[in-house]
Amino acid sequence: MVLSPIKSIPFWMIAPNQSRIWIIIPLIYTLFLQILTGIPKPDSIQDFSTSELLLRLSEEIFDYPYWLQDLSHFPLFFLCAWFWCWFFMRKKNSVKISLYAAVLISLLYATLNELAQAFIPQRFPSMGDLAMNLFGTTTALMIHRQFLKNFSKKQTSKA
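Note that this is a predicted model, so its numbers are computed, not measured.

**Things to note about the overall build of the protein**
Across its full length, the protein carries six helices and zero strands. Of all 159 residues assigned to the protein, the portion counted as buried reaches 38%. Counting only contacts in the protein whose residues sit at least 6 apart along the sequence, the fraction spanning at least 24 positions is 72%. As presented, the protein carries roughly 9400 Å² of accessible surface, and 70% of it is formed by carbon and sulfur atoms.

In C-alpha cells, the structure reads:
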C-alpha cells in the first residue's frame, strides 16, 4: 500500500512534510524516556552527593507503588513507538518499509532500555517492565497501522 495524498493525512498520524528535521520529536522523546527510566533510586543518589533536584525527582518517581510503575511503561513506550511511526511515515514510499523501520527502532529500543537498567546502581532489568515496554510498543504500531489503513480506505473511496 502506498500513501497517495500525504498532505491530507492529519498531523498526529504523519509528520507534515518530508523534511528530516521532524526526527527531532521522536529523538527528544526517546532521550527523555531514557533519562526518566535511567534515574537511580534515591539511596544511590545520596551516595553520590548529587543535586537536590535530582534527588527529589528520584524520590517522586519511586514514591508510587511498584505495580503502578510497571503499568506506566505502557503509555510511555506507546508514545515512543507512535512518534517513530509518525516520523517514518512522512515519506511517500511504501507504508510497509516505513512500518518496518518504526518497528525495528521501537522494539529494539524497548528491549535495550530495560537491559540498560542492569548498569544503573540499585536497578535491575525486569521481565514485567520489558513486557509492558513491548506491549505498549506493539499496541502503538498496530493502532497506527490500522489508522493509516482506515484513512487510506476513506481517501480511495472519496476519489
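There is more to say, and it comes next.
**Things to note about a nonpolar patch on the surface**
A surface patch of nonpolar side chains, amounting to about 280 Å² of accessible area, comprises W12, I143 and F147. You can see I143 is positioned in helix α6 (residues 127-158).

**Observations regarding the nonpolar core**
As a rule of thumb, soluble globular proteins bury nonpolar side chains together. If you look at the biggest cluster of nonpolar residues, it comprises 26 residues, and the most contacted ones within it are M13, I14, L33, F77, C80, W84 and A102. Sorting the residues of this core by element identifies α1 (24-37), α4 (66-88), α5 (95-115) and α6 as the ones contributing at least two each. The greatest single-element share of this core, amounting to 11 residues, is contributed by α4. For F77, the contacting residues outside a window of four places in its chain are L33, Y109, A110, N113, N133, G136 and T137.

**With respect to the packing of aromatic side chains**
Taken as a whole, this structure holds 11 aromatic pairs when the rule is applied. Judged by centre distance (5.3 Å) and plane angle (65°), the rings of Y29 and F83 are edge-to-face. With Y29 in helix α1 and F83 in helix α4, the pair connects residues that are 54 residues apart, well separated along the chain. For the ring pair F87 and F88, a centre distance of 5.2 Å and an interplane angle of 65° mean the geometry is edge-to-face. In this structure, F87 and F88 share a single accessibility class: buried. An aromatic cluster is defined as three or more aromatic residues linked by ring pairs; in this entry it consists of F74, F78, W82, F135 and F147.

**Here we look at the confidence of the model for the protein**
For the protein, per-residue confidence averages 82 on the pLDDT scale, and residues scoring 70 or more make up 86% of the total. When pLDDT is averaged over each helix and strand of the protein, the minimum, 71, is found for helix α2 (residues 42-47) and the maximum, 92, for α1. Low confidence marks residues 1-6, where pLDDT is under 50. Its contacts with residues over four positions away, or in another chain, come to 15 contacts.

**Some details on the environment of F83**
A relative accessible area of 22% places F83 in the partly exposed class. The spatial distance from the C-alpha of F83 to the C-alpha of L27 is 8.8 Å, given a sequence separation of 56 residues. The residues contacting F83, other than those within four sequence positions of it, are I25, P26 and Y29.

**Some details on the environment of W12**
Examined against the element boundaries, W12 turns out to sit in the segment before α1. Along the chain, W12 and W86 lie 74 residues apart, while their C-alpha atoms are 7.2 Å from each other. The contacts of W12, once residues within four sequence positions are left out, are W82, W86 and F147.

**Observations regarding helix α3 (residues 52-61)**
When α3 is considered as a whole, its buried residues turn out to be L55, S58 and I61. Viewed end-on, α3 has its buried residues packed into an arc of 125°, placing them on one side of the element. Facing away from the buried side of α3 by more than 90 degrees, the exposed set consists of L53, R56 and E60.

**So, the side chain of H144**
With respect to the helices and strands, the residue H144 is situated in helix α6. Classification of H144 as buried rests on a relative accessible area of 0%. Among residues more than four places away in sequence, those in contact with H144 are M13, W82, C85, W86 and M89.

Calculation criteria
Residues numbered from 1 in each chain as written. Predicted model: local features only at pLDDT ≥ 70, side-chain atom pairs only at ≥ 80, totals over all residues. Heavy atoms only, no water. Helix = DSSP H or I, 4+ residues; strand = E, 2+ residues; numbered from the N terminus. Buried < 20%, exposed > 50% of the residue type's maximum accessible area, 1.4 Å probe, protein only. Contact = heavy atoms within 4.5 Å. Areas by Shrake-Rupley, 256 points an atom, 1.4 Å probe, with all protein chains shown as cover. Patch = residues over 30% accessible without salt bridge, like charges linked within 9 Å, V, L, I, M, F, W, Y side chains within 5 Å. Salt bridge = Lys/Arg side-chain N within 4 Å of Asp/Glu carboxyl O. Core = buried A, V, L, I, M, F, W, Y, C linked by side-chain atoms within 4.5 Å. Phe/Tyr/Trp six-rings, centres within 6.5 Å; stacked < 30°, edge-to-face > 60°. pLDDT = per-residue confidence, 0-100. Arc of directions from axis to C-beta.

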